[in-house]
Structure formats: structure tokens, C-alpha cells
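Examining the three-dimensional arrangement
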Amino acid sequence: MEEVRTRFAPSPTGYLHIGGLRTALYAYLFAKKQGGKFVLRIEDTDRERYVDGAVEIIYKTLREAGLYYDEGPDVGGPYGPYIQSERKNTYLEYAKQLVANGGAYYCFCSKERLEKLHESGATKYDKHCLSLSKEEVEARIAAGEPYVIRQNIPEEGSTTYTDMVFGDITVENKDLEDGILIKSDGMPTYNFANVVDDHLMHINYVIRGVEYLSSTPKYNLMYDGLGWERPHYIHLQPIMRDATHKLSKRHGDASYEDFIAKGYLKEAIINYIALLGWSPKDNTEKFTLAEMEQMFGLEGISKSASIFDEAKMRWLNSQYIHELSDEEFYEKAKPFYAKYQYLNDFDCKFLSGLLKGRAETLDDVGRLTEFLTLFDNFDLTLFRNAKWKTDEELAVKILPDLIGICKDKFDNLSDSLNEYALNSGLKKGQVLWIFRIAITGAQNTPGGASEMAELLGKDRVLSRLETVLKRLQ
RNA sequence: GGCUCCAUGGUCAAGAGGUUAAGACAUCGCCCUUUCACGGCGGUAACUCGGGUUCGAAUCCCGAUGGAGUCACCA
């Protein structure tokens, strides 16, 4: 059986957006599942949209996400170069071949004529230059007149192909335009470069966005004209921000690196986007890349667009975070601990054990510890708790005892506090509530009374208890 | 507007003629609990509409509606 070869062919226009990453992921998974090859090709035929550094971002993101490509610009391969601008000469050669057999023709129409044509109500090019004689064409080229090469699409008939997720797609040839294959600057358009490269790189499964679903017949006509075997097609519906808008960085939607910066784990991001538009047979929702490589299949691909739901990704992220060891959490959260300066005064390793089970994102180390900065002048009514029947009055009463316990038995605080409750006829919860409020000044904390005491340390605990007692008096 | 595609709860998404129409997130409630969270249990909530076909349609057909894509010397 023929080896499966898929590719991811992004344009270096800045960043790798979530939709692009998912396309890459599916292409990668499909190839891996089949034991095939996944190749990366950079489509930079549009010099105007080129952004410096964008290529590096693509390499970096793909690698970081674990989507290793078998062939690509920076890893090489048998069908290079893998950057279209470095293949410029190849395209013209094939365009000429197409011209020779009638599948394409030279066109000298000026922008002005094209505009006029459009204004006159024409919906597509009128094949004006198709009638030029070979001699005239040669003469005008020799005279240095600028030209483009257009595809010659039959005016009759229709073209059909089978998309592996959408089924048969048929388009009337008369609805297709004689698109430009080679631009006047000598560069191929996407339409042409794509076909030539996919063929030359032996790509037999083309996985890309649905925006190409209805123009694929044009590409097939090129394959036919060049005598090449058509590849299989798999088109993917987009990931949406809401029901009517695609997810896009331009509109402020987060990209892969934004989510990393927000404290998402790459495993969670990959896992989540895999689920947007695909679901495994058994409906599992949490799996590693390696597992996906085994489970992936075209049957699970959805025919409709899906809306990105950060809440669900957060949940998935929290699942991955909870699984981390304290040590791993600490290592991964380091950049975030650094982000919140007040945490410098605390033992972040100890904190990791407390935060790991509560954080949904790595950045939550800030949100969950914010109370540490708010202790001064906290609201004393926090001592009131309906369930435990506590209030400021009770707090004033027992705080001196609690201070004493901390002075003498700080190392064995939990037991000592329990013992105190027992002896004083109070409920455990009453003592602990008052104690925890008194040392943290927060209703919600990432740990219980004794854990918070350990985090703060004896000195801080004592000084806080005394401060609070004074305020209450 | 022409052409192509799509349509199950708020979201993702099973389902491929006969189901009490799964599951997950979110939401609500209860339990657990020294707060919060985690975890456990339970609730609310869906087949866009209208015609067919059929003994029987979320599933098949047609139409309408809604949405997306595409009609560039952008990819």
C-alpha cells in the first residue's frame, strides 16, 4: 500500500492561530495513524504579507506542541526545498507545460481592462487573451510586455470529486473562473503552487480548511491537465468564536502562545482543540497526543463548525494540572510565581502542593494567593459565620488563647488547636474558622487553618494574630 | 446575488429507520469538608421549520429558514 503523506502548509503571516494548529494536528495525526509522513511547507508566495520571524514561530510552535514533521524547511527531506519562494522556477516550467496542452494560456490584460470588465457586470474573466495566436503571444513576451498565465477552464461540463468528510462535491465548470496561475512578478499564486508542490512532494492526502472545498475542482483540473494523479481531500470546518465569526487573532482571539501565557498546558490545548471538530469512537475526552495517534480517524470528523469554549478548555487544563506532581507543578508554575512579586516572601514549593489541586491554569497561582496582599484592614465581619456561629465577640475571646498556642506549640498546631477546641467546649470548626480568618483575612484560602499557618510561618502568624486582636478590641 | 457546504441542550458532541435522544463543559441543588477547591450524587436543558417516503423518522427525500465558505496578480 502506498505510504500516506500529509502536509501542513501555512503562510508566514505572523503567528500560528488555533485553527491552523488544529489543521496541522489533524494532518499530523492522520499521517501518524497510518504510519505515514507529515511534512511542513512554507507558503510564502505573497511577498506583501510576509512577516519577519513568522517562520520561526511556526517551527517553534509545532515542535513545542509535539507535532514533529518528518520533512520541512529546517529538517530537510527528499523533496525540498520546502519553502515556496525557493521553488520559483519550478512553477513556471509546469505552467508552460499546461499552456502547451491547452490547460492554460498567457494573458496580457491590464488592471484597467479587468476593472472595466468587472464594472460591466461580468463575474469572471472573459477569456479575452485565449484567442491570441502563438506568434502574437511570443512577440509580446519578447517585447517585454508584462503577462500572467491563466488556467483555461472548460466552459461546459462539470467537475466532481469526493471529499472524505463531505462526500461528493460537484461544481459546474461555467461557475469556475480562469484563475491566475503565474503572477506578473513571476511568482505562482497559491492555487497553482499548491498543486505543483503537493504533487512534487508526493502528498496524497490533502487536509485543509473548508474554504477550499468549492475551489478544489479547479485544482483537480490542473492535476488532470498535467497528467497527475489527484490526491484525496479532507476539508475541515473552521473553529468559531461565536455562531457567526471565525476565531481570529485579528479580532483579539487568543493564539496558541497567548494561551500558554495565560497558564494553559500545551497538552490541554492540543487535547482540547483535537476535540473541536473531532470525537473518538468511544467518546473519550482526555487523551495524550500519543493516544490520539492511535485513536484518530476520519469518521470522527464533524461536518459542522464548532465554537471555541474556553470554559471547557479550562476544565481540561485543570484535569492536567491536578495530575501533576507537586514538583512538576512547581517547575511549570515558576514563571507565574515570578510574575507575582509578593510570592517571593513565601515558600512556593510548599505553596505548589496547596495550589495544584485548586488551580485551573498556572496563572491561578496569582488569583489563589491574592489574599496575601490584602490582609491589612480586612473586613472584620468575616469572623461572622452562620454555620459555625462565630462572630467578632467570640474571636476576641479566644484569640489570646490562640496566640498562646502558637507561641508554644506552633510545630504541632493542628493537633493543638483541636485539643484546645475540645477543652474549651467549642466546636473544631469554630476555632479553626476564627483562626484562619485571623491569619489570612480571607474567606476563601487555598488551604485550611493549619496549612495557612505553615505557609505564613510562626512570626507572621503571631504578628497577624496580635494585630487582629488589637483591631477587634 | 450565483455557486458549494452545514444545521441535536448555552457550548462540544454521540446517534447512521424503532433509543426513556448518550456523555462532557457550563449551570442549579445535595453530600463530603476547618474555608475554598477537589471528589461523589442528582436536577434543569436539544433534534430549526414545513411537506413528503414509511407501520414507524433526529436519522431518507424535497422545500423553506438560518449560518458559514467562495466568487483577487491573498493564501
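Residues numbered from 1 in each chain as written. Chains lettered and ligands numbered in written order. Predicted model: local features only at pLDDT ≥ 70, side-chain atom pairs only at ≥ 80, totals over all residues. Heavy atoms only, no water.

Another point: the overall build of chain A. Secondary structure assignment for chain A yields 19 helices and 11 strands. Since a compact globule built from 473 residues should have a radius of gyration of about 23 Å, the 32 Å found for chain A marks it as more spread out than a globular shape. If you line up chain A on its principal axes, its C-alpha atoms span 110 × 50 × 40 Å. Within chain A, buried positions represent 51% of all 473 residues. Element-wise, carbon and sulfur atoms account for 48% of the exposed surface of chain A, whose accessible area totals about 22700 Å². (Helix = DSSP H or I, 4+ residues; strand = E, 2+ residues; numbered from the N terminus. Rg over C-alpha atoms; globule rule 2.2 N^0.38 Å. Buried < 20%, exposed > 50% of the residue type's maximum accessible area, 1.4 Å probe, protein only. Areas by Shrake-Rupley, 256 points an atom, 1.4 Å probe, with all protein chains shown as cover.)

The next subject is the pairing of strand E6 (residues 167-172). Here strand E5 (residues 158-163) pairs with E6 via 6 bridges, running antiparallel. Bridging across to E6, Thr-160 finds its partner in Thr-170. A loop of 3 residues connects E5 with E6, the two strands running antiparallel in sequence. (Pairing = 2+ DSSP bridges.)

This part is about the sheet that holds strand E3 (residues 104-107). A sheet is described by the order of its strands in space; here 3 strands give the open sequence E3-E4-E7, paired in antiparallel fashion. Only two strands of the sheet have a single partner each, and these edge strands are E3 and strand E7 (180-182). Strand-to-strand, the axes of this sheet are offset by a mean angle of 40 degrees, without reference to chain direction. (Axes fitted to C-alpha atoms, helices over the stretch in contact; angles between N-to-C directions.)

With respect to spatial proximity, 58 residues lie near RNA strand B, and among them Lys-183, Glu-285, Arg-358, Arg-436 and Gly-447 are the closest. Between a sugar or linking oxygen of RNA strand B and a side-chain N or O atom of Arg-436, the distance comes to 3.0 Å. In the environment of RNA strand B, a base oxygen lies 3.4 Å from a nitrogen or oxygen atom belonging to the side chain of Ser-450. Partitioning the surface near RNA strand B into residue classes produces 19 nonpolar, 24 polar and 15 charged. (Near = heavy atom within 4 Å. Polar contact = N/O pair within 3.5 Å; in protein donor to acceptor, adjacent residues only side chain to side chain. Nonpolar A, V, L, I, M, F, W, Y, C, P; charged D, E, K, R; others polar.)

Take the confidence of the model for chain A next. Summary statistics for chain A give a mean pLDDT of 95 and a share of 100% for residues scoring 70 or more. Scored as a whole, the predicted complex attains pTM 0.95, and scored at its interfaces, ipTM 0.96. (pLDDT = per-residue confidence, 0-100.)

All right, on to the packing of aromatic side chains then. By the definition in use, this model includes 19 aromatic pairs. Taken together, a centroid distance of 5.7 Å and an interplanar angle of 85 degrees make the contact between Tyr-28 and Phe-38 edge-to-face. Of the two residues, Tyr-28 is situated in helix H1 (residues 18-33) and Phe-38 in strand E2 (residues 37-40); the sequence distance between them amounts to 10 residues. Overall, the relative accessible area of 0% leaves Phe-38 in the buried class. Pairing Tyr-190 with Tyr-219 gives two aromatic rings, centres 6.4 Å apart and planes at 80 degrees, and the pair type is edge-to-face. Here Tyr-190 is found in helix H6 (residues 190-200), whereas its partner Tyr-219 is found in helix H7 (residues 216-226), with 29 residues between them in sequence. The exposure class of Tyr-219 is buried, given its relative accessible area of 1%. Within the aromatic cluster, the residues linked to one another by ring pairs are Tyr-26, Trp-278, Phe-287 and Phe-296. The ring of Trp-433 carries the charged tip of Arg-436 above its face, separated from the ring centre by 5.2 Å. Positioned above the aromatic ring of Phe-375 is the side chain of Arg-464, whose terminal nitrogen or guanidinium carbon lies 4.0 Å from the ring centre. (Phe/Tyr/Trp six-rings, centres within 6.5 Å; stacked < 30°, edge-to-face > 60°. Lys NZ or Arg CZ within 6 Å of the ring centre and 35° of its normal.)

Side chains Ala-104 and Tyr-106 of E3 all project onto a buried face; the interleaved residues Tyr-105 and Cys-107 project onto the opposite face, where all are buried too. Where E3 lies against strand E4 (residues 148-151), 4 bridges are found, and the strand directions are antiparallel. Residue pairing in the sheet places Tyr-105 in a bridge with Arg-150 of E4.

A large share of helix H9 (residues 266-275) lies buried, amounting to 8 of its 10 residues. Taken together, the buried positions of H9 are occupied by Ala-268, Ile-269, Ile-270, Asn-271, Tyr-272, Ile-273, Ala-274 and Leu-275. For H9, the secondary structure elements touched by its buried residues are H1, helix H8 (256-261), helix H10 (289-295), strand E11 (306-307) and helix H11 (310-323). Once H9 ends, the next one or two residues include Gly-277, with phi positive near 110 degrees. (Contact = heavy atoms within 4.5 Å.)

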